[in-house]
Amino acid sequence: MQHALTEFLAWYGGIVEAFTNAAPGKDKFVHLCVGMAIWIEAAIFLGKPLKAWTPLLIVALAEFGNETLDRLTHGSWRWTDTLGDIYATLFWPTLLMGLLRAAPFLANSPTDKS
């Protein structure tokens, strides 16, 4: 079991490193992009509007899983990095969901007559 976990962490670490190396910035940019992508994909897959809590919860769960895997990979929590990753991942989905909930007219297209 330990060997399988070690192999999984190495595989996951390779994917994260590939994403980070391909991005035009630091790893926080990757967190920002992946957070937005998961939020939008979760809404589409679940058939929920972006103002629903469920897609944001999916982003939070994915980030929790990612940070847990980072902790296992590094052997300890790296709190400055972890909190920065959480912030980068959740900032835009949370802000946009809040705006869509607080100002529903933002969700309507200019051609909507409703």
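Residues numbered from 1 in each chain as written. Predicted model: local features only at pLDDT ≥ 70, side-chain atom pairs only at ≥ 80, totals over all residues. Heavy atoms only, no water.

*Asks:* Residues and numbers for the packing of helix α2 (residues 27-46) against helix α3 (residues 53-74), please.
*Replies:* At a minimum axis distance of 8 Å, the contact between α2 and α3 shows a crossing angle of 135 degrees. Of the possible angle classes, the one that applies to α2 and α3 is oblique. The element α2 and its partner α3 pack so that their crossing is right-handed. Together, H31, G35, I38, W39, A42, A43 and L46 of α2 and T54, P55, L56, I58, V59, A62, E63, N66 and E67 of α3 make up the contact between the two elements. Partitioned by chemical class, the residues of the contact of α2 with α3 number 10 nonpolar, 4 polar and 2 charged. (Axes fitted to C-alpha atoms, helices over the stretch in contact; angles between N-to-C directions. Helix = DSSP H or I, 4+ residues; strand = E, 2+ residues; numbered from the N terminus. Parallel < 35°, antiparallel > 145°, perpendicular 65-115°, else oblique. Left-handed = near helix turned anticlockwise from the far one by under 90°. Contact = heavy atoms within 4.5 Å. Nonpolar A, V, L, I, M, F, W, Y, C, P; charged D, E, K, R; others polar.)

*Asks:* Lay out the environment of L50 with the relevant residues and their values.
*Replies:* Structurally, L50 is set in the loop between α2 and α3. Residue classification places L50 among the partly exposed residues on the basis of a relative accessible area of 29%. In this structure the C-alpha to C-alpha distance between L50 and G98, which are 48 residues apart in sequence, comes to 9.6 Å. L50 has contacts with W39, I40, A43, M97 and L100, leaving out every residue within four places of it along the chain. (Buried < 20%, exposed > 50% of the residue type's maximum accessible area, 1.4 Å probe, protein only.)

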